[in-house]
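# Topology and contacts: notes
Residue strings, one per chain:
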Amino acid sequence: MEQLERYREQLQVCDEKILEGLLERNRVVEEIMACKEENGMKILQPDQEARQDAWLEGALEGCRHQEEVRAVFREIHRGSKKIQARRLFSYNIVLIGFMGAGKSTISEYLNTLFAMDVVEMDQLIAQREGMSIADIFEVYGEEYFRNLETALLVELQDRKNVVISCGGGTPLRECNVREMKKNGRVVLLCADPETILERVKDSHERPLIENNKNVEYIGQLMEKRREKYEAAADIVIHTDGKSALDICEEMVGKLLELDRREGKR
Ligand code: S3P
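Residues numbered from 1 in each chain as written. Predicted model: local features only at pLDDT ≥ 70, side-chain atom pairs only at ≥ 80, totals over all residues. Heavy atoms only, no water.

## Side note on the site of the ligand
Every one of the 14 residues lining the ligand counts as a neighbour, but Lys103, Asp122, Arg146, Arg206 and Arg225 are closest to it. Between the ligand and Gly169, the relevant distance is 3.2 Å, taken from an oxygen atom to a main-chain nitrogen or oxygen of the residue. In the model, an oxygen atom of the ligand is placed 2.6 Å from a nitrogen or oxygen of the Arg206 side chain. Protein coverage of the free-state accessible area of the ligand, which is 380 Å², stands at 95%. With respect to the pocket detection grid, the ligand is positioned in the largest pocket. Contributions of two or more residues to the shell around the ligand are made by helix H6 (133-140) and helix H7 (142-156). Class assignment of the residues belonging to the shell around the ligand gives a composition of 6 nonpolar, 3 polar and 5 charged. (Near = heavy atom within 4 Å. Polar contact = N/O pair within 3.5 Å; in protein donor to acceptor, adjacent residues only side chain to side chain. Areas by Shrake-Rupley, 256 points an atom, 1.4 Å probe, with all protein chains shown as cover. 1 Å grid on protein atoms, 1.4 Å probe; cavity = no way out; pocket = protein on both sides within 12 Å on 5 of 7 lines; lining within 4 Å. Sits in = over half its atoms within 2 Å of the grid points. Helix = DSSP H or I, 4+ residues; strand = E, 2+ residues; numbered from the N terminus. Nonpolar A, V, L, I, M, F, W, Y, C, P; charged D, E, K, R; others polar.)

Shown next as C-alpha cells:
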C-alpha cells in the first residue's frame, strides 16, 4: 500500500507545519506582552480577540469541518491567554472584599481574559459539605465555617496562577491573611454601601445580612471590617461606576507596579 504511506507522509508534513506555526505564534504572543509592558500600553485588549474571531469566521466561509477548526482555534486562544497570565502573574490572585464587592464577577472576567482557573471559596466549601453556606452557619455555626476557610487557603498554596475568590469574612482572621499571602497577591475590591445593597438585595445566600439588608447596616459592618481588609490588601481597587474591564486593567497595572517596586520585574 504505497498510496497509504504517501498519505501518511503528507499528514506528517501538515503536523510539522502546524507545530511550527504554533510555536511561532506562542513566541509572538510573548513578544506582544513584552512590547505592551515596555511601552506602558494597556495589557488587556479584548477587542483584538473579537477581530481574530471575525477574521476566522470570514476565512472559514465555505470550508468543510468548520466546527472542528473553530474548536482548535478556541484552544489555541486559550493557550495564548494562559501564556499571558503566566507571564504576568507568578502567584495566585486572591480577591477579598465585602459581600457584593464584585469578587465573583471579577474572578469570572479574569477567567475570560486569561483562562485562569477560579476557586470560589464559598462555592467549593458548600459543594464539599453538601450544603449551602446559610445551612452550614445554621447547623454548625460560624466558627466551623471559618475553620473550613482556613484549611482551604492552606490547600490552595500548592496551586499557581489561580484566582481565589474569598468569602467576605475570610480576611478577618489574621491566620487566613498569613496563609493567603504565602503564595498570593491580595486584591481588595471596594464599593459603596449603596452599590453593595443593590448587588445583594435579591440574594438569600448571605446569612450575616439576610435580615438587615439596608445601607445603614451594611455601612456599619463594612466600617467595622475596614481596618482588617485594608491591612490584608496588597492593592486596593474601588469598583463603583467601573466596568469589569476597567477594574481588571487597573488590577493588572497595580500588580505589575508592585512587582517592579519589589524588583521582581
Ligand atoms: C461572609 C460573606 C459570604 C460568605 C458568608 C460570610 C462574610 O461571602 O462567605 O456568608 O462574613 O462577609 P461573599 O462575600 O461571597 O458574599
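## Observations concerning the pattern of salt bridges
A complete count under the given rule lists 30 salt bridges for this structure. Between Glu67 and Arg74 there is a salt bridge, with the nearest N and O atoms lying 3.9 Å from each other. With relative accessibility at 44%, the residue Glu67 sits in the partly exposed group. One continuous salt-bridge network, built from bridges that share partners, spans Glu37, Arg87, Arg185, Asp259, Glu262, Lys264 and Arg265. (Salt bridge = Lys/Arg side-chain N within 4 Å of Asp/Glu carboxyl O. Buried < 20%, exposed > 50% of the residue type's maximum accessible area, 1.4 Å probe, protein only.)

## Comments concerning empty space enclosed by the protein
Overall, the coordinates contain 1 cavity of 30 Å³ or more when judged by the stated rule. Of the pockets and cavities examined, the largest cavity occupies roughly 50 Å³. Considering the residues around the largest cavity, the lining is formed by Asn92, Val94, Leu153, Leu156, Gln157, Ile164, Glu179, Met180, Asn183 and Gly184. Residue assignment for the lining of the largest cavity shows that the elements contributing at least two residues are strand S1 (92-96), H7 and helix H8 (174-182). (Points joined across faces, edges and corners; volume = space filled by probe spheres on them.)

## Looking at the environment of Arg70
Within the secondary structure layout, Arg70 lies in helix H3 (residues 66-88). Spatially, the C-alpha atom of Arg70 lies 8.0 Å from that of Leu56, the residues being 14 residues apart in sequence. Not counting the four nearest positions on each side in its chain, Arg70 is found in contact with Leu56, Glu57 and Leu60. (Contact = heavy atoms within 4.5 Å.)

## Let's talk about H8
Owing to its 3.6 residues per turn, the α-helix brings residues three or four apart onto one side. Of the positions making up H8, those classed as buried are Asn176, Val177, Glu179 and Met180. All buried residues of H8 lie within an arc of 165° about the axis, which places them on one face of the element. Away from the buried face of H8 by more than 90 degrees, exposed residues Glu174, Arg178 and Lys182 are located. (Arc of directions from axis to C-beta.)

## Brief notes about the layout of surface pockets
Considered as a void within the structure, the largest pocket measures approximately 590 Å³ in volume. Of all the secondary-structure elements, those providing two or more residues to the lining of the largest pocket are helix H4 (103-114), helix H5 (121-129), H6, H7 and helix H9 (193-200). Looking at the lining of the largest pocket residue by residue, the classes come out as 11 nonpolar, 9 polar and 9 charged. The volume enclosed by the second largest pocket comes to roughly 460 Å³. Elements that contribute at least two residues to the lining of the second largest pocket include exactly helix H1 (2-38), helix H2 (46-60), H3 and H4.

## Quick look at the pairing of strand S5 (residues 235-238)
Across the two faces of S5 the burial differs, with Ile235 and Ile237 buried and Val236 and His238 not buried at all. Pairing analysis gives 4 bridges linking strand S4 (residues 184-190) to S5, with the strands arranged parallel. Residue Leu188 lies in a different strand from S5, and its bridge partner there is Val236. (Pairing = 2+ DSSP bridges.)

## Quick notes on unusual backbone geometry
The backbone phi angle of His65 is positive, close to 55°, even though this residue is not glycine. By the element assignment, His65 lies in the loop between H2 and H3. Even without glycine at this site, Ala115 takes up a positive phi of about 50°. Along the chain, the position of Ala115 falls in the loop between H4 and strand S2 (117-120). Look at Ala115 and you get buried, because its relative accessible area is 5%.

## Observations regarding the nonpolar core
Phe89, Ile93, Phe114, Val187 and Met251 are the most contacted members of the largest nonpolar core, which has 62 residues in total. At 7 residues, the largest contribution of residues to this core is made by helix H11 (residues 244-261). Setting aside chain neighbours within four positions, we find Ile93 in contact with Leu110, Met116, Val162, Val163, Ile164, Arg185, Val187, Met251 and Leu255. (Core = buried A, V, L, I, M, F, W, Y, C linked by side-chain atoms within 4.5 Å.)

Taken by themselves, the reported measurements are silent on function.
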